[in-house]
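A look at the structure
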Amino acid sequence: MPSALTDLCRYPIVQAPMAGGVSCPQLVAAVAEAGGLGFLAAGYKTADGMYNDIKQVRGLTGQPFGVNLFMPQPNLADPSAVEVYRHQLAGEATWYETPLGETDSGGDDGYEAKLAILLEDPVPVVSFTFGCPTRDTLDAFAAAGTYTVVTVTTPEEAQAAQWAGADAVCAQGVEAGGHQSTHRDDPQADGIGTGLLSLVAQVRETVQIPVIAAGGLMRGSQIAAVLAAGADAAQLGTAFLICPESGAHLLHKQALTNPLFVRTTLTRAFSGRPARGLVNRFVREHGPYAPAAYPQVHQLTAPLRKAAAKAGDAQGMALWAGQGHRMARELTAGRLVALLAEELDAARAAVSTRSTQ
């Protein structure tokens, strides 16, 4: 088991855990074999599903890898607001000929069962999204030899993670694709976020534990920039989403560089929690009215998203993407890790040369 962040991978390159099937075992293993740190996403999976993915990764590589867990969410949703949104989506249900999802399955994502598996049969790294575990939980992972990472969006969240006993934090800038990993979902903070370089610098001055930087990174030169700002490693998601090993839907992969999708935005339209994705019809029509209700909205729209994908309609899918999505390169995961490492070395060499001139 690793004792430090630098023991986890040859290069300071982390493949972000992307829930919904994107971070599949094949992608995780390919990244790990190439010298990066691959991450399985346990979010939205059952505990057994997570364990099966872990077994697959172990069968594909002997290199370290991580598993990401969603923290249980308090039920703060207004039931009447969820019902209003259900009525608003009635036309979508008719269009896609599918019923809307039920919203009574809870918000813990099988957290305790997943913890039990990961403590009984430890993996090298476990990270957490949407909050910070208790000290007891982090201490239990430390006793098991597992390296722990808490995803944060503010210096205050980073400080709380350090106090709780996390080994490292992943500082997520507002540029990041997918869900914003705020520890408290505050609708009053919608549209407010800190850019990655500023966040890394602030977090670096707040905590003494290693910092992984995440948010819109697509090139090795950007990795060099966040390392210079104080990060110990860089986490990339959208850059790996387009790889052939990724489990993302083909329409999702194609949309990243499709000129029809020119920008991203933070929206609650698909899940009830702020998440950055490509602006499509569904986001334009429903984003302004989606309530702060996670995971209820996620559960409500799940059949619609599945039906849109089956129909080949990217305008009804959740096309999560970071701000750098147009820079995506269709390379194998192994080649992408190698190229990012080459670009990182070139950027460092260029800075060194300029500093001596």
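Reference entry: report on the structure contained in this document.

When helices and strands are tallied, the protein chain shows 14 helices and 11 strands. Here the C-alpha radius of gyration of the protein chain, 19 Å, is about what a compact globule of 357 residues would show, namely 21 Å. The principal-axis extents of the C-alpha atoms in the protein chain amount to approximately 65 × 45 × 40 Å. Looking at the protein chain residue by residue over its 357 residues, the buried ones come to 56%.

So, about the pairing of strand β4 (residues 125-129). Where burial is concerned, most of β4 is hidden: five out of the five residues are buried. Along β4, one buried face is formed by V125, S127 and T129 and the opposite face, lined by V126 and F128, is buried too. Pairing between strand β3 (residues 65-70) and β4: five bridges, direction parallel. Its bridge partner being in β4, L69 is matched across the sheet by F128.

Before going further, it helps to spend a moment on unusual backbone geometry. Looking along the chain, the bond that leaves Y294 and enters P295 is cis, with omega of 10 degrees. Looking at the secondary structure, you find P295 in the loop between α12 (281-286) and α13 (296-310). Although it is not a glycine, E97 adopts a positive phi angle of roughly 55 degrees. The phi angle at F130 is positive, at roughly 75 degrees, despite the residue not being glycine. Relative to the assigned elements, F130 resides in the loop between β4 and α6 (135-144).

The subject of this paragraph is the sheet that holds strand β11 (residues 275-278). The strand order across the open sheet built from three strands is β7-β11-β10, with neighbouring strands paired in antiparallel fashion. Every other strand in the sheet has two partners, leaving β7 (178-179) and β10 (264-267) as the edge strands with one partner each. Note that β10 and β11 share four bridges and pair antiparallel. Across the sheet, residue L266 finds its bridge partner in β11, namely R276.

Here the focus is the nonpolar core. Among the nonpolar cores identified, the biggest contains 64 residues, and L27, Y85, I223, L236 and F240 are the most heavily contacted of them. The residues touching L236, leaving out its near neighbours within four places in the chain, are I13, V14, Q15, A16, L217, M218, I223 and L340. Of all hydrophobic cores here, the second largest spans 33 residues; its members include A42, L118, F128 and A164.

With the rule as written, the count across this model stands at 13 salt bridges. Between D190 and R268 there is a salt bridge, with the nearest N and O atoms lying 2.8 Å from each other. One end of the pair, D190, is in the loop between β7 and α8 (196-206); the other, R268, is in the loop between β10 and β11, and 78 residues separate them in sequence. Judged by relative accessible area, which is 6%, R268 ranks as buried. The salt bridge partner of R335 is E342, with a shortest N-O separation of 3.4 Å. Among the residues examined, R335 registers a relative accessible area of 37% and is labelled partly exposed. Among the ionic contacts, a cluster of salt bridges with common partners joins E92, R281 and E285.

Attention now goes to α8. Taken residue by residue, α8 has L196, L199, V200 and V203 as its buried positions. Buried positions in α8, seen along its axis, are confined to an arc of 100 degrees and lie on one side of it. Of the surrounding secondary structure, the elements contacted by the buried residues of α8 are β5 (147-152), α7 (155-164), β6 (168-172), β8 (211-214) and α9 (220-228).

Right, let's get into the sheet that holds β5. Two strands in a sheet stick together by hydrogen bonds in their backbones, pointing the same way (parallel) or opposite ways (antiparallel). Spatially, the eight strands line up as an open sheet ordered β1-β9-β8-β6-β5-β4-β3-β2, and their pairing is parallel. Each edge of the open sheet is held by one strand with a lone partner, namely β1 (13-15) and β2 (38-41). Put simply, the sheet's adjacent strands are angled 25 degrees from each other on average, direction ignored. For β5 and β6, the ladder comprises four bridges, and the chain directions are parallel.

To continue, consider the packing of helix α2 (residues 47-60) against helix α5 (residues 111-120). Packing of α2 against α5 brings their axes to within 9 Å, and their N-to-C directions diverge by 30 degrees. Judged by the inter-axis angle, α2 sits roughly parallel to α5. Crossing hand, α2 versus α5: right-handed. Taking contact as the criterion, the partners of A47, M50, Y51 and I54 in α2 are, on α5, A113, K114, I117 and L118.

Rules used in this analysis
- Residues numbered from 1 in each chain as written.
- Predicted model: local features only at pLDDT ≥ 70, side-chain atom pairs only at ≥ 80, totals over all residues.
- Heavy atoms only, no water.
- Helix = DSSP H or I, 4+ residues; strand = E, 2+ residues; numbered from the N terminus.
- Rg over C-alpha atoms; globule rule 2.2 N^0.38 Å.
- Buried < 20%, exposed > 50% of the residue type's maximum accessible area, 1.4 Å probe, protein only.
- Pairing = 2+ DSSP bridges.
- Core = buried A, V, L, I, M, F, W, Y, C linked by side-chain atoms within 4.5 Å.
- Contact = heavy atoms within 4.5 Å.
- Salt bridge = Lys/Arg side-chain N within 4 Å of Asp/Glu carboxyl O.
- Arc of directions from axis to C-beta.
- Axes fitted to C-alpha atoms, helices over the stretch in contact; angles between N-to-C directions.
- Parallel < 35°, antiparallel > 145°, perpendicular 65-115°, else oblique.
- Left-handed = near helix turned anticlockwise from the far one by under 90°.

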